[in-house]
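# Coordinate analysis (summary)
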Amino acid sequence: MPQPAATPFLKSPVFTGILFGVAAYTCWGLSPLYFRAASMMTPLELNAQRVLWAFLLCLGLVAATGKLALFGRVLRDRRLLAVLCLTAGLMLTNWLIFVYAIDRQQVMAVSLGYYINPLVAVLLGRIVLKERVSPLQWGLLGLVAAGVLVLVAAAESSVWLSLLIAFSWGFYALQRKRFPVDSLVGFTIEVMLLLPLALGYLAWHGGGALAQIAQAAGEARPWLGLLGLILLSGLVTTVPLVAFGAGQRRLTLASMGLLQYISPSLQFLLAVLLWGESFRLHHAIAFGCIWIAVIFYSLENWRRLRAR
């Protein structure tokens with residue numbers, strides 16, 4: 001009996017998943033370009049706008065993908081709703097630190113935080129989930145710690161931004177792993193839970209940028225650029241998340257783990273080559289330690305992927 005023809009790689013779910021994964025991490029890696037352009041808004045206002053427009057966009061996507069019933073079921077599950085309240089707070093914390101760091105021209109600190117994050121996840125998995133940590137992983141964690149200590153010893157204050165970014169996202173991912181829910185539905189509920197805070201801040205702030213737009217339009221001053229930046233906040237927030245969810249469904253965790261370094265690598269290049277952030281000896285030593293850890297961590301992931 002003839003065997004069915006193999007699916008060409010370029011048409012396989014794996015290849016499609018790689019495209020989605022690369023798209024998601026590239027969007028996140030280049031996102032500082034948007035946040036620098038939107039720096040006329042404070043970090044608080046910018047994140048309030050993100051919550052508002054991301055919620056409207058995600059709710060439309062939930063309806064378009066036929067997930068309204070699932071959305072309702074999750075809302076009625078008190079345990080899941082409590083977890084999503086916690087993850088919404090962690091997500092907002094991460095967003096605020098991220099935008100604050102970019103506003104303070106500390107994109108390199110953002111990059112470092114996301115380089116550290118996967119190994120923070122290993123540490124949290126060991127402490128909270130009692131996952132096994134190999135001797136190699138312990139060694140890599142020690143190397144990351146050495147890199148961080150170099151920055152502390154050099155009185156590099158931005159290292160705290162890096163650690164806050166790494167641990168806030170690490171705890172977020174940990175809770176979403178312990179209590180899994182559809183990524184789009186979960187994110188929509190998270191921004192919905194943040195919506196009262198966002199609307200309250202915008203109301204207290206007198207409408208913020210939207211009020212500026214209305215005033216500028218009334219005085220025949222340019223306003224389309226600011227309106228475009230506000231509307232883009234929803235797309236910049238939501239599009240990579242949707243691409244990430246699509247990639248994650250088609251690829252193993254190890255495969256996505258290999259792609260995730262696209263994001264901090266692009267952020268690092270933007271910081272040094274485009275915006276000229278200083279890169280001194282202590283940065284080179286710290287990043288060197290962390291890059292070595294990242295290389296060995298990626299090689300271990302690749303070995304596990306090949307073994308499967």
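Residues numbered from 1 in each chain as written. Predicted model: local features only at pLDDT ≥ 70, side-chain atom pairs only at ≥ 80, totals over all residues. Heavy atoms only, no water.

### What to know about the overall build of the protein chain
Helix and strand counts for the protein chain stand at 13 helices and zero strands. Counting across all 308 residues of the protein chain, residues that qualify as buried make up 46%. Summarising the internal contacts of the protein chain: among those between residues at least 6 apart in sequence, 83% fall at separations of at least 24. A total accessible area of about 15,500 Å² is found for the protein chain, and carbon and sulfur atoms account for 69% of it. (Helix = DSSP H or I, 4+ residues; strand = E, 2+ residues; numbered from the N terminus. Buried < 20%, exposed > 50% of the residue type's maximum accessible area, 1.4 Å probe, protein only. Contact = heavy atoms within 4.5 Å. Areas by Shrake-Rupley, 256 points an atom, 1.4 Å probe, with all protein chains shown as cover.)

### Remarks on the confidence of the model for the protein chain
If pLDDT is low for a region, its predicted coordinates should not be looked at in detail. For the protein chain, per-residue confidence averages 84 on the pLDDT scale, and 88% of positions sit at 70 or higher. Within the protein chain, helix α9 (residues 209-218) has the poorest average pLDDT of any element, 51, and helix α3 (residues 68-76) the best, 94. In the predicted structure, residues 216-221 sits below a pLDDT of 50 and forms five contacts with residues beyond four places in sequence or in another chain. (pLDDT = per-residue confidence, 0-100.)

### Digging into α3
Of all the positions in α3, only Phe71, Gly72 and Val74 are classed as buried. Along the axis of α3, the buried residues cluster in a sector spanning 165°; they form a single face. Against α2 (43-64), α4 (78-103) and α8 (183-204) lie the buried residues of α3. (Arc of directions from axis to C-beta.)

### Here we look at empty space enclosed by the protein
Per the counting criterion, the structure on display carries one cavity of 30 Å³ or more. The space that makes up the largest cavity amounts to roughly 50 Å³. Considering the residues around the largest cavity, the lining is formed by Phe35, Ala38, Ser39, Met41, Leu46, Val99, Ile102 and Asp103. A breakdown of the residues in the lining of the largest cavity according to their chemical character gives six nonpolar, one polar and one charged. (1 Å grid on protein atoms, 1.4 Å probe; cavity = no way out; pocket = protein on both sides within 12 Å on 5 of 7 lines; lining within 4 Å. Points joined across faces, edges and corners; volume = space filled by probe spheres on them. Nonpolar A, V, L, I, M, F, W, Y, C, P; charged D, E, K, R; others polar.)

### Some thoughts on the pattern of salt bridges
Counted under the stated rule, the structure contains two salt bridges. Between Asp182 and Lys67 there is a salt bridge, with its nearest N and O atoms 3.0 Å apart. Taken together, the positions of Asp182 in the loop between α7 (159-178) and α8 and Lys67 in the loop between α2 and α3 put the pair 115 residues apart, joining distant regions of the chain. For Asp182, a relative accessible area of 23% puts it in the partly exposed group. Where Glu190 meets Arg176, a salt bridge forms, and the shortest distance between an N and an O atom there is 3.0 Å. (Salt bridge = Lys/Arg side-chain N within 4 Å of Asp/Glu carboxyl O.)

### Digging into the side chain of Ser233
Structurally, Ser233 can be placed in helix α10 (residues 224-250). A polar contact is formed between the side chain of Ser233 and the backbone oxygen of Ile230, at a distance of 2.5 Å. If we ignore the near neighbours within four places in the chain, the residues touching Ser233 are Tyr34, Gln49, Arg50 and Trp53. (Polar contact = N/O pair within 3.5 Å; in protein donor to acceptor, adjacent residues only side chain to side chain.)

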